[in-house]
Amino acid sequence: RGDHRPLLPGAPPQAGEALRRPPTPTAPAPAPTTVAVRREIHDAQGTTTLPGELVRAEGAPATDDVSATEAYDGLGDTWTLYHSAFGRDSLDGKGLLLVATVHYDQRYDNAFWDGEQMVFGDGDGTYFTRFTAAKDVIGHELTHGVTQFTAGLTYVAQSGALNESVSDCFGSMVKQQALGQDVTQADWLIGQGLFTDRVQGVALRSMKAPGTAYDDPHLGKDPQPADMDGYDDLPHDQAHDNGGVHTNSGIPNRAFYLACTGIGGNSWEGAGPVWYDVLTGGRLAKDAQFADFARLTVEAAGARFGAGSREESAVQEAWTTVKVLT
Ligand code: ASN
Ligand code: ZN
(Lines give C-alpha, C1' and ligand atoms only; values in the text may rest on other atoms or scores of the structure.)
(Ligands and ions follow the chains in the order given, each with its own letter.)
Protein backbone atom coordinates (compact mmCIF):
# COMPACT_ATOMS: atom_id res chain seq x y z
CA ARG A 1 0.00 0.00 0.00
CA GLY A 2 1.20 3.53 -0.61
CA ASP A 3 0.11 7.08 -1.16
CA HIS A 4 -2.22 6.95 -4.13
CA ARG A 5 -3.20 10.61 -4.25
CA PRO A 6 -2.86 11.82 -7.82
CA LEU A 7 -0.51 14.65 -8.56
CA LEU A 8 -2.42 17.72 -9.62
CA PRO A 9 -0.02 20.10 -11.36
CA GLY A 10 -1.43 23.50 -12.19
CA ALA A 11 -2.18 24.19 -15.84
CA PRO A 12 0.89 25.64 -17.57
CA PRO A 13 0.62 29.39 -18.29
CA GLN A 14 -0.37 30.41 -21.79
CA ALA A 15 2.50 31.64 -23.94
CA GLY A 16 3.08 35.36 -23.39
CA GLU A 17 0.73 35.55 -20.43
CA ALA A 18 3.43 36.73 -18.03
CA LEU A 19 4.40 39.51 -20.45
CA ARG A 20 0.85 40.69 -20.97
CA ARG A 21 0.15 40.84 -17.22
CA PRO A 22 3.00 42.50 -15.32
CA PRO A 23 2.73 42.42 -11.50
CA THR A 24 0.76 45.41 -10.16
CA PRO A 25 2.63 47.12 -7.29
CA THR A 26 -0.64 47.85 -5.47
CA ALA A 27 -1.80 44.21 -5.48
CA PRO A 28 -1.71 42.64 -1.99
CA ALA A 29 0.89 39.94 -1.42
CA PRO A 30 -0.63 36.49 -1.78
CA ALA A 31 -1.63 34.96 1.56
CA PRO A 32 1.05 32.55 2.79
CA THR A 33 0.11 28.92 2.18
CA THR A 34 -1.36 27.55 5.38
CA VAL A 35 0.61 24.60 6.66
CA ALA A 36 -1.08 22.69 9.44
CA VAL A 37 -1.47 19.15 10.71
CA ARG A 38 -4.22 17.01 9.19
CA ARG A 39 -5.33 13.99 11.24
CA GLU A 40 -7.94 11.26 11.16
CA ILE A 41 -8.55 8.87 14.06
CA HIS A 42 -10.45 5.66 13.36
CA ASP A 43 -11.75 2.91 15.63
CA ALA A 44 -11.44 -0.78 14.64
CA GLN A 45 -13.75 -1.72 17.57
CA GLY A 46 -11.74 -4.81 18.44
CA THR A 47 -11.48 -6.08 14.87
CA THR A 48 -8.52 -6.11 12.47
CA THR A 49 -10.38 -4.20 9.77
CA LEU A 50 -8.50 -1.05 8.75
CA PRO A 51 -8.96 1.80 8.97
CA GLY A 52 -12.26 1.20 10.80
CA GLU A 53 -14.86 3.82 11.68
CA LEU A 54 -13.84 7.50 11.61
CA VAL A 55 -14.25 8.83 15.15
CA ARG A 56 -12.39 12.15 14.97
CA ALA A 57 -11.45 14.31 12.01
CA GLU A 58 -9.09 17.30 12.13
CA GLY A 59 -10.47 20.09 14.27
CA ALA A 60 -13.36 18.04 15.66
CA PRO A 61 -13.81 18.06 19.44
CA ALA A 62 -12.40 15.24 21.57
CA THR A 63 -14.61 12.23 22.22
CA ASP A 64 -14.74 10.44 25.58
CA ASP A 65 -12.44 7.69 24.25
CA VAL A 66 -9.05 8.20 25.88
CA SER A 67 -7.23 6.10 23.23
CA ALA A 68 -8.64 8.24 20.42
CA THR A 69 -7.69 11.42 22.30
CA GLU A 70 -4.15 10.23 22.99
CA ALA A 71 -3.70 9.17 19.36
CA TYR A 72 -4.99 12.53 18.08
CA ASP A 73 -2.73 14.48 20.43
CA GLY A 74 0.30 12.27 19.75
CA LEU A 75 -0.11 12.66 16.00
CA GLY A 76 -0.25 16.40 16.55
CA ASP A 77 2.87 16.44 18.72
CA THR A 78 4.74 14.38 16.13
CA TRP A 79 3.71 16.67 13.28
CA THR A 80 4.77 19.67 15.40
CA LEU A 81 8.24 18.24 16.14
CA TYR A 82 8.93 17.61 12.46
CA HIS A 83 7.55 20.98 11.43
CA SER A 84 9.00 23.20 14.16
CA ALA A 85 12.44 21.60 14.44
CA PHE A 86 13.09 20.37 10.91
CA GLY A 87 10.70 22.36 8.71
CA ARG A 88 9.03 19.18 7.51
CA ASP A 89 5.30 19.15 6.65
CA SER A 90 4.16 15.66 7.67
CA LEU A 91 5.73 12.30 6.95
CA ASP A 92 6.26 12.83 3.22
CA GLY A 93 7.17 16.51 3.56
CA LYS A 94 4.08 17.29 1.46
CA GLY A 95 1.34 17.40 4.06
CA LEU A 96 0.32 13.75 4.06
CA LEU A 97 -2.86 13.09 6.03
CA LEU A 98 -1.98 11.31 9.29
CA VAL A 99 -4.26 8.33 9.86
CA ALA A 100 -4.40 6.22 13.00
CA THR A 101 -6.63 3.36 14.10
CA VAL A 102 -7.22 2.60 17.79
CA HIS A 103 -8.76 -0.50 19.41
CA TYR A 104 -7.17 -2.78 16.83
CA ASP A 105 -7.93 -6.46 17.50
CA GLN A 106 -8.54 -7.81 21.03
CA ARG A 107 -5.92 -7.41 23.78
CA TYR A 108 -3.38 -6.60 21.04
CA ASP A 109 0.11 -6.02 22.49
CA ASN A 110 1.67 -3.71 19.94
CA ALA A 111 1.46 -0.65 17.74
CA PHE A 112 2.71 -0.51 14.17
CA TRP A 113 2.97 1.47 10.95
CA ASP A 114 1.51 -0.60 8.10
CA GLY A 115 3.07 1.42 5.29
CA GLU A 116 0.13 3.79 5.14
CA GLN A 117 -1.23 4.42 8.64
CA MET A 118 -0.64 3.82 12.35
CA VAL A 119 -2.35 1.05 14.25
CA PHE A 120 -2.66 0.83 18.05
CA GLY A 121 -3.68 -2.12 20.19
CA ASP A 122 -5.35 -1.88 23.61
CA GLY A 123 -2.78 -4.16 25.23
CA ASP A 124 -3.69 -7.40 27.02
CA GLY A 125 -4.42 -5.58 30.30
CA THR A 126 -2.28 -8.08 32.22
CA TYR A 127 1.19 -6.99 31.12
CA PHE A 128 0.47 -4.12 28.73
CA THR A 129 -1.92 -1.21 28.77
CA ARG A 130 -3.08 0.70 25.65
CA PHE A 131 -0.23 1.60 23.28
CA THR A 132 -1.43 5.18 22.74
CA ALA A 133 -0.42 5.93 26.36
CA ALA A 134 3.20 6.63 25.35
CA LYS A 135 3.82 9.67 23.13
CA ASP A 136 7.23 8.37 22.08
CA VAL A 137 5.62 5.19 20.76
CA ILE A 138 3.31 7.30 18.59
CA GLY A 139 6.33 9.29 17.37
CA HIS A 140 8.16 6.00 16.80
CA GLU A 141 5.45 4.53 14.56
CA LEU A 142 5.04 7.75 12.56
CA THR A 143 8.79 7.99 12.06
CA HIS A 144 8.65 4.61 10.29
CA GLY A 145 6.62 6.58 7.75
CA VAL A 146 9.25 9.33 7.50
CA THR A 147 11.98 6.72 6.99
CA GLN A 148 9.84 5.04 4.32
CA PHE A 149 9.57 8.36 2.44
CA THR A 150 13.27 9.23 2.85
CA ALA A 151 16.20 6.86 3.49
CA GLY A 152 14.08 3.71 3.13
CA LEU A 153 16.36 1.74 5.45
CA THR A 154 15.89 -1.99 4.77
CA TYR A 155 14.22 -3.64 7.77
CA VAL A 156 16.83 -6.33 8.41
CA ALA A 157 20.08 -6.63 10.39
CA GLN A 158 22.06 -3.36 10.83
CA SER A 159 20.00 -1.24 8.41
CA GLY A 160 16.87 -2.56 10.15
CA ALA A 161 18.29 -1.72 13.58
CA LEU A 162 19.06 1.78 12.25
CA ASN A 163 15.47 2.01 11.00
CA GLU A 164 14.26 1.03 14.49
CA SER A 165 16.72 3.36 16.20
CA VAL A 166 15.74 6.36 14.08
CA SER A 167 12.12 5.72 15.14
CA ASP A 168 13.18 5.68 18.80
CA CYS A 169 15.32 8.85 18.43
CA PHE A 170 12.55 10.89 16.83
CA GLY A 171 9.89 9.31 19.06
CA SER A 172 11.90 10.36 22.10
CA MET A 173 12.25 13.89 20.70
CA VAL A 174 8.47 14.07 20.21
CA LYS A 175 8.02 13.28 23.90
CA GLN A 176 10.82 15.60 25.06
CA GLN A 177 9.51 18.55 23.05
CA ALA A 178 5.90 17.97 24.15
CA LEU A 179 7.02 17.87 27.80
CA GLY A 180 9.45 20.78 27.38
CA GLN A 181 12.40 18.67 28.54
CA ASP A 182 16.03 19.35 27.74
CA VAL A 183 18.53 16.47 27.43
CA THR A 184 19.22 16.48 31.19
CA GLN A 185 15.52 16.32 32.09
CA ALA A 186 14.50 13.59 29.63
CA ASP A 187 14.15 10.01 30.92
CA TRP A 188 15.42 8.52 27.61
CA LEU A 189 12.93 5.70 28.00
CA ILE A 190 10.76 4.38 25.15
CA GLY A 191 7.28 3.26 26.11
CA GLN A 192 7.34 4.35 29.75
CA GLY A 193 3.89 3.68 31.22
CA LEU A 194 2.91 0.84 28.86
CA PHE A 195 3.55 -1.89 31.43
CA THR A 196 0.98 -2.70 34.11
CA ASP A 197 2.25 -2.71 37.72
CA ARG A 198 2.51 -6.51 37.48
CA VAL A 199 5.62 -6.13 35.29
CA GLN A 200 9.06 -5.64 36.79
CA GLY A 201 10.24 -2.93 34.45
CA VAL A 202 9.93 0.74 33.58
CA ALA A 203 9.61 0.80 29.78
CA LEU A 204 10.11 -1.13 26.53
CA ARG A 205 13.62 0.24 26.00
CA SER A 206 16.16 2.61 27.51
CA MET A 207 18.26 4.73 25.16
CA LYS A 208 20.52 5.81 28.01
CA ALA A 209 21.10 2.31 29.40
CA PRO A 210 20.04 -0.31 26.83
CA GLY A 211 19.41 -3.69 28.47
CA THR A 212 18.06 -2.26 31.75
CA ALA A 213 14.44 -1.36 30.88
CA TYR A 214 12.88 -4.54 32.35
CA ASP A 215 13.76 -7.83 33.98
CA ASP A 216 10.57 -9.79 34.52
CA PRO A 217 9.63 -13.45 35.09
CA HIS A 218 7.11 -13.40 32.22
CA LEU A 219 8.77 -11.00 29.75
CA GLY A 220 12.36 -11.96 30.48
CA LYS A 221 15.18 -9.46 30.55
CA ASP A 222 15.58 -6.46 28.22
CA PRO A 223 17.90 -7.96 25.55
CA GLN A 224 19.37 -4.73 24.16
CA PRO A 225 23.17 -4.40 23.91
CA ALA A 226 24.76 -1.06 24.87
CA ASP A 227 27.73 -1.31 22.51
CA MET A 228 29.12 -3.41 19.66
CA ASP A 229 30.61 -6.00 22.04
CA GLY A 230 27.02 -7.13 22.65
CA TYR A 231 25.87 -6.99 19.01
CA ASP A 232 23.46 -9.89 18.47
CA ASP A 233 24.12 -11.46 15.06
CA LEU A 234 20.83 -13.33 14.75
CA PRO A 235 19.51 -15.06 11.61
CA HIS A 236 17.85 -12.51 9.33
CA ASP A 237 14.38 -14.09 9.32
CA GLN A 238 11.13 -12.87 10.83
CA ALA A 239 11.30 -15.42 13.66
CA HIS A 240 14.48 -13.69 14.83
CA ASP A 241 13.10 -10.15 14.59
CA ASN A 242 14.68 -9.71 11.12
CA GLY A 243 18.12 -10.08 12.64
CA GLY A 244 17.42 -8.42 15.98
CA VAL A 245 16.24 -5.04 14.71
CA HIS A 246 14.59 -4.23 18.06
CA THR A 247 17.59 -5.39 20.10
CA ASN A 248 20.63 -4.12 18.19
CA SER A 249 18.89 -0.72 17.89
CA GLY A 250 20.12 -0.21 21.46
CA ILE A 251 23.60 0.56 20.09
CA PRO A 252 22.68 3.51 17.81
CA ASN A 253 20.06 4.56 20.38
CA ARG A 254 22.78 4.99 22.99
CA ALA A 255 24.96 6.85 20.48
CA PHE A 256 22.10 9.31 19.99
CA TYR A 257 21.67 9.71 23.76
CA LEU A 258 25.43 10.30 24.16
CA ALA A 259 25.51 12.79 21.27
CA CYS A 260 22.49 14.66 22.67
CA THR A 261 23.87 14.89 26.20
CA GLY A 262 27.36 15.69 24.90
CA ILE A 263 25.95 18.68 22.99
CA GLY A 264 23.44 19.71 25.68
CA GLY A 265 20.29 21.84 25.46
CA ASN A 266 17.29 20.47 23.63
CA SER A 267 17.76 17.24 21.67
CA TRP A 268 15.78 18.63 18.72
CA GLU A 269 18.23 21.53 18.41
CA GLY A 270 21.47 19.56 18.78
CA ALA A 271 21.91 15.96 17.67
CA GLY A 272 18.31 15.82 16.39
CA PRO A 273 18.90 18.02 13.33
CA VAL A 274 22.11 16.11 12.61
CA TRP A 275 20.28 12.78 12.60
CA TYR A 276 17.52 14.40 10.52
CA ASP A 277 20.06 15.64 7.96
CA VAL A 278 21.42 12.11 7.57
CA LEU A 279 18.00 10.46 7.37
CA THR A 280 16.73 12.86 4.72
CA GLY A 281 19.94 14.00 3.00
CA GLY A 282 19.91 11.40 0.22
CA ARG A 283 23.36 9.96 0.95
CA LEU A 284 22.33 7.21 3.39
CA ALA A 285 22.09 3.86 1.55
CA LYS A 286 19.04 1.65 2.13
CA ASP A 287 21.38 -1.10 3.35
CA ALA A 288 23.56 1.24 5.46
CA GLN A 289 25.55 -0.31 8.29
CA PHE A 290 26.04 1.33 11.71
CA ALA A 291 29.47 2.67 10.68
CA ASP A 292 28.03 4.26 7.50
CA PHE A 293 25.37 6.03 9.52
CA ALA A 294 27.94 7.06 12.15
CA ARG A 295 30.33 8.62 9.60
CA LEU A 296 27.49 10.53 7.95
CA THR A 297 26.38 11.97 11.31
CA VAL A 298 29.92 13.15 12.08
CA GLU A 299 30.03 14.81 8.64
CA ALA A 300 26.56 16.31 9.07
CA ALA A 301 27.50 17.68 12.50
CA GLY A 302 30.58 19.30 10.93
CA ALA A 303 28.48 20.75 8.11
CA ARG A 304 25.80 22.09 10.46
CA PHE A 305 27.90 23.25 13.43
CA GLY A 306 31.34 23.69 11.87
CA ALA A 307 34.33 21.45 11.21
CA GLY A 308 36.10 20.87 14.52
CA SER A 309 33.08 22.14 16.50
CA ARG A 310 32.31 20.67 19.90
CA GLU A 311 29.07 19.31 18.42
CA GLU A 312 31.06 17.39 15.81
CA SER A 313 33.37 16.05 18.54
CA ALA A 314 30.39 14.99 20.68
CA VAL A 315 28.92 13.00 17.79
CA GLN A 316 32.27 11.36 17.00
CA GLU A 317 32.81 10.49 20.67
CA ALA A 318 29.29 9.04 21.00
CA TRP A 319 29.93 6.51 18.22
CA THR A 320 33.37 5.69 19.66
CA THR A 321 31.86 5.01 23.09
CA VAL A 322 29.42 2.45 21.62
CA LYS A 323 32.36 0.96 19.65
CA VAL A 324 30.94 1.60 16.19
CA LEU A 325 33.79 3.99 15.30
CA THR A 326 37.35 3.71 16.61
N1 ASN B 1 6.01 -1.66 17.41
C2 ASN B 1 6.84 -2.37 16.48
C3 ASN B 1 7.69 -1.38 15.71
O4 ASN B 1 7.22 -0.35 15.29
C5 ASN B 1 6.03 -3.16 15.57
C6 ASN B 1 6.86 -3.89 14.61
O7 ASN B 1 7.05 -3.43 13.51
N8 ASN B 1 7.40 -5.01 14.99
O9 ASN B 1 8.84 -1.60 15.53
ZN1 ZN C 1 9.52 0.23 15.07
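These numbers were taken from a predicted model, which means no experiment stands behind them.

## Some remarks on the site of ligand 1
Part 1 of the reasoning: Around ligand 1, the neighbouring residues are Asn-110, Ala-111, Phe-112, His-140, Glu-141, His-144 and Glu-164.
Part 2 of the reasoning: Elements supplying a minimum of two residues to the shell around ligand 1: strand E4 (111-113) and helix H3 (135-149).
Part 3 of the reasoning: Tallying contributions element by element places H3 first for the shell around ligand 1, with three residues.
Part 4 of the reasoning: Of the residues that constitute the shell around ligand 1, the class distribution is two nonpolar, three polar and two charged.

## A look at helix H8 (residues 290-305)
Part 1 of the reasoning: The terminal C-alpha atoms of H8, which comprises 16 residues, lie 22 Å apart, in line with the 22 Å expected from a rise of 1.5 Å per residue.
Part 2 of the reasoning: Where H8 is buried, its residues contact helix H4 (157-179), helix H6 (250-263), helix H7 (271-280) and helix H9 (310-321).
Part 3 of the reasoning: Looking at the residues trailing H8, positive phi occurs at Gly-306, about 110 degrees.

## So, the UniProt feature "domain: Peptidase M4" (unreviewed entry) in the chain
Part 1 of the reasoning: Mapped onto this numbering, the UniProt entry annotates "domain: Peptidase M4" (unreviewed entry) at residues 43-148.
Part 2 of the reasoning: Helix makes up 33% of residues 43-148 and strand makes up 19%, while its end C-alpha atoms are separated by 24 Å.

## A look at the nonpolar core
Part 1 of the reasoning: Ranked by size, the top nonpolar core spans 81 residues in total, and within it Ala-71, Phe-120, Ala-255, Phe-256, Ala-259, Trp-275 and Val-315 carry the most contacts.
Part 2 of the reasoning: Top contributing element to this core by residue count: H6, with eight residues.
Part 3 of the reasoning: Inspection of this core shows a minimum of three residues originating in each of domain 1 (35-149) and domain 2 (157-321).
Part 4 of the reasoning: Setting aside chain neighbours within four positions, we find Phe-120 in contact with Ser-67, Ala-71, Ala-100, Thr-101, Val-102, Tyr-104, Ala-111, Phe-131 and Thr-132.

## Some remarks on the packing of H7 against H8
Part 1 of the reasoning: One can describe the packing of H7 onto H8 by two numbers: an axis separation of 9 Å at closest approach and a directional angle of 120 degrees. Two packed elements cross with a definite hand, and for H7 against H8 that hand is right-handed. Between H7, through Pro-273, Val-274, Trp-275, Asp-277 and Val-278, and H8, the contact on the second element is made entirely by Phe-293, Leu-296, Thr-297, Ala-300, Ala-301 and Arg-304.
Part 2 of the reasoning: When grouped by side-chain class, the residues that make up the contact of H7 with H8 number eight nonpolar, one polar and two charged.

## Re H7
Three- or four-residue spacings in an α-helix give side chains the same orientation, since the helix completes a turn every 3.6 residues.
Part 1 of the reasoning: Counting buried positions along H7 yields seven of ten residues, so the element is predominantly enclosed.
Part 2 of the reasoning: Where H7 is concerned, the buried positions are Ala-271, Gly-272, Val-274, Trp-275, Tyr-276, Val-278 and Leu-279.
Part 3 of the reasoning: Tucked inside the fold, the buried residues of H7 contact helix H2 (66-86), H3, H4, H6, H8 and H9.
Part 4 of the reasoning: Following H7 by one or two positions, Gly-282 adopts a phi angle in the positive range, close to 85 degrees.

## Observations regarding the packing of H6 against H9
Part 1 of the reasoning: Two elements in contact, H6 and H9, have axes whose closest approach is 8 Å; the angle formed by their N-to-C orientations is 150 degrees. Considering only the axes of H6 and H9, their crossing is right-handed. When H6 is examined against H9, the residues Ala-255, Leu-258, Ala-259, Gly-262 and Ile-263 are found in contact with a partner set consisting of Glu-311, Ala-314, Val-315, Glu-317, Ala-318, Trp-319 and Thr-321.
Part 2 of the reasoning: Class assignment of the residues belonging to the contact of H6 with H9 gives a composition of eight nonpolar, two polar and two charged.

## What to know about unusual backbone geometry
Part 1 of the reasoning: Following Leu-50, the chain continues to Pro-51 via a peptide bond in cis, the omega torsion being 0 degrees.
Part 2 of the reasoning: In this fold, Pro-51 is placed in the loop between strand E1 (39-43) and strand E2 (53-57).
Part 3 of the reasoning: Of note in the backbone geometry, Ala-157 takes a positive phi value of approximately 50 degrees without being a glycine.
Part 4 of the reasoning: Of note, Ala-157 is situated in helix H4.

## Focus on the pairing of strand E3 (residues 98-104)
Along any regular strand, the residues point their side chains to alternate faces of the sheet.
Part 1 of the reasoning: With respect to burial, E3 is a largely interior element, six of its seven residues being buried.
Part 2 of the reasoning: Sheet analysis places E1 next to E3, joined by five bridges and oriented parallel. Each bridged residue has a counterpart across the sheet, and for Asp-43 the counterpart in E3 is Val-102.
Part 3 of the reasoning: Two elements, E3 and strand E5 (residues 118-121), share three bridges in a ladder whose sense is parallel.

## So, the environment of Gly-46
Part 1 of the reasoning: One can find Gly-46 in the loop between E1 and E2.
Part 2 of the reasoning: On a C-alpha basis, the gap between Gly-46 and Leu-96 in space is 26 Å, while along the polypeptide they are 50 residues apart.

## As for the UniProt feature "active site" (unreviewed entry) in the chain
Part 1 of the reasoning: If you check UniProt for "active site" (unreviewed entry), the listed places come out as Glu-141 and His-246 in our numbering. Maximum C-alpha separation among the annotated residues is 13.1 Å over a sequence range of 106 residues, consistent with a single clustered spot.
Part 2 of the reasoning: Positionally, Glu-141 belongs in helix H3.
Part 3 of the reasoning: Leaving out residues up to four positions away in the same chain, Glu-141 has contacts with Ala-111, Phe-112, Trp-113 and Met-118.
Part 4 of the reasoning: Along the polypeptide, His-246 turns up in helix H5 (residues 241-248).
Part 5 of the reasoning: With residues near it in sequence (within four places) discarded, His-246 still touches Glu-164 and Asp-241.

Conventions used here
- Residues numbered from 1 in each chain as written.
- Chains lettered and ligands numbered in written order.
- Predicted model: local features only at pLDDT ≥ 70, side-chain atom pairs only at ≥ 80, totals over all residues.
- Near = placed C-beta within 6 Å.
- Helix = DSSP H or I, 4+ residues; strand = E, 2+ residues; numbered from the N terminus.
- Nonpolar A, V, L, I, M, F, W, Y, C, P; charged D, E, K, R; others polar.
- Expected span 1.5 Å × (residues − 1).
- Contact = placed C-beta atoms within 7 Å.
- UniProt positions renumbered as here; feature names shortened; annotations may be inferred.
- Core = buried A, V, L, I, M, F, W, Y, C linked by C-beta atoms within 7 Å.
- Buried ≥ 20, exposed ≤ 12 C-beta atoms within 10 Å, placed from the backbone.
- Domains from an automatic or database assignment.
- Axes fitted to C-alpha atoms, helices over the stretch in contact; angles between N-to-C directions.
- Left-handed = near helix turned anticlockwise from the far one by under 90°.
- Pairing = 2+ DSSP bridges.

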